[in-house]
Amino acid sequence: MAYDQRDKQRIFDKEFMPHIDAMYNFAFRLTLDEDDAKDLVQETYMKAFRFIKSFEEGTNAKAWLFRILKNSFINNYRKVSKQPNKVDYQEVETYYNSEKVDANYTTDLRVETVQHMIGDEITNALNSLAVDFRTVIILCDLEGFTYEEMAKILDIPIGTVRSRLHRARNLLKEKLASYANSMGYKDKRK
């Protein structure tokens, strides 16, 4: 559709901006990093504005934005995974030449490992899922999208959405079984 500048701004403000919190939540659950999530949301909204002519007013703006975000995440992930790890040698040199360096300091890996285990069990279990499984759980169970909407967002057949969601829920159930037992929930099937 051809929109004039005023229409673009109106659509952006009325149709896209109300979903910014949901977009951030989805981005954070994908990236697991606040700054990366903010960057991803910003990139999504920039693309949405740039390609607003392909949006049909009155359709599901939230699903359209989620699809842009998901595609941006995948493209960024591919780009980053192909790049070698980078080290800023200037930063390393500055650190080791500073007075902050304690020659007797060593990392206790046991403490570091335990620190990362402490936290919300459900969030940890969700974050431990592969991104494809994590995505369907977030879209369906946290964001409330229908199977049809999820199929459009993810660009996969509806049968794949259902099977992936079923598998993701089973994986979560397995990961949370001992936590549920420790909280007093018992498996009724046993």
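Scroll up a little and you will see the structure.
Let us look at the structure shown here. (Residues numbered from 1 in each chain as written. Predicted model: local features only at pLDDT ≥ 70, side-chain atom pairs only at ≥ 80, totals over all residues. Heavy atoms only, no water.)

1. Topic: the environment of lysine 175
(1) Moving on: Along the chain, the position of lysine 175 falls in helix H10 (residues 158-182).
(2) Moving on: Along the chain, lysine 175 and asparagine 124 lie 51 residues apart, while their C-alpha atoms are 9.4 Å from each other.
(3) Moving on: With residues near it in sequence (within four places) discarded, lysine 175 still touches Ala125, Ser128 and Leu129.
(4) Moving on: For lysine 175, the side chain forms a polar contact with the side chain of serine 128, separated by 3.3 Å. (Helix = DSSP H or I, 4+ residues; strand = E, 2+ residues; numbered from the N terminus. Contact = heavy atoms within 4.5 Å. Polar contact = N/O pair within 3.5 Å; in protein donor to acceptor, adjacent residues only side chain to side chain.)

2. Quick word on the pattern of salt bridges
(1) Moving on: In total, this model carries 6 salt bridges according to the counting rule given.
(2) Moving on: Between arginine 10 and aspartate 7 there is a salt bridge, and its shortest N-O distance comes to 3.5 Å. On the criterion of helical spacing, the pair formed by arginine 10 and aspartate 7 is a turn pair, its members being 3 residues apart in helix H1 (residues 5-16).
(3) Moving on: Given the relative accessible area of 26%, aspartate 7 is considered partly exposed.
(4) Moving on: Through salt bridges with shared partners, a single network forms among Asp7, Arg10 and Glu57. (Salt bridge = Lys/Arg side-chain N within 4 Å of Asp/Glu carboxyl O. Buried < 20%, exposed > 50% of the residue type's maximum accessible area, 1.4 Å probe, protein only.)

3. Looking at the nonpolar core
(1) Moving on: Counting residues in hydrophobic clusters, the biggest one holds 45 residues, and the most contacted among them are Phe16, Phe66, Leu69 and Leu139.
(2) Moving on: Going through the elements one at a time, H1, helix H2 (20-31), helix H3 (34-50), helix H4 (61-82), helix H7 (121-128), helix H8 (131-142), helix H9 (147-154) and H10 are the ones with two or more residues in this core.
(3) Moving on: Looking at this core element by element, the count peaks at 8 residues for H4.
(4) Moving on: Setting aside residues up to four positions removed in sequence, phenylalanine 16 forms contacts with Ile11, Tyr45, Ala48, Ile52, Phe55, Ala61, Trp64 and Leu65. (Core = buried A, V, L, I, M, F, W, Y, C linked by side-chain atoms within 4.5 Å.)

4. Observations regarding a negative patch on the surface
(1) Moving on: Taken together, the side chains of Asp33, Glu34, Asp35, Asp36 and Asp39 present a region of like negative charge at the surface.
(2) Moving on: For aspartate 35, the location among the structural elements is in helix H3.
(3) Moving on: The exposure class of aspartate 35 is exposed, given its relative accessible area of 52%. (Patch = residues over 30% accessible without salt bridge, like charges linked within 9 Å, V, L, I, M, F, W, Y side chains within 5 Å. Areas by Shrake-Rupley, 256 points an atom, 1.4 Å probe, with all protein chains shown as cover. Lys, Arg positive; Asp, Glu negative; His and termini not counted. Charge placed at Lys NZ, Arg CZ, Asp CG, Glu CD.)

5. With respect to the layout of surface pockets
(1) Moving on: Of the pockets and cavities examined, the largest pocket occupies roughly 520 Å³.
(2) Moving on: Thr31, Phe73, Ile74, Asn76 and Tyr77 are, among the 19 residues lining the largest pocket, the residues nearest its centre.
(3) Moving on: Listing elements by their share of the lining of the largest pocket, those giving two or more residues are H2, H3, H4 and H8.
(4) Moving on: When residues in the lining of the largest pocket are grouped by element, the largest group, 6 residues, is from H4.
(5) Moving on: In terms of residue class, the lining of the largest pocket is built from 9 nonpolar, 3 polar and 7 charged.
(6) Moving on: The wall of the second largest pocket is formed by Arg169, Leu172, Lys173, Glu174, Leu176, Ala177, Ala180, Asn181, Tyr185, Lys186 and Asp187.
(7) Moving on: A per-class count over the lining of the second largest pocket returns 5 nonpolar, 1 polar and 5 charged. (1 Å grid on protein atoms, 1.4 Å probe; cavity = no way out; pocket = protein on both sides within 12 Å on 5 of 7 lines; lining within 4 Å. Points joined across faces, edges and corners; volume = space filled by probe spheres on them. Nonpolar A, V, L, I, M, F, W, Y, C, P; charged D, E, K, R; others polar.)

6. Topic: the packing of aromatic side chains
(1) Moving on: Counted by the stated rule, this structure contains 9 aromatic pairs.
(2) Moving on: Their ring planes at 80° and their centres at 5.8 Å tell us that phenylalanine 12 and phenylalanine 16 sit as a pair that is edge-to-face. Taken together, the residues phenylalanine 12 and phenylalanine 16, both in helix H1 and 4 residues apart, mark about one turn of the helix.
(3) Moving on: The exposure class assigned to phenylalanine 12 is buried, which follows from its relative accessible area of 13%.
(4) Moving on: Residue phenylalanine 16 is classed as buried on the basis of its relative accessible area, which comes to 0%. (Phe/Tyr/Trp six-rings, centres within 6.5 Å; stacked < 30°, edge-to-face > 60°.)

Keep in mind these numbers describe shape, not what the thing actually does.
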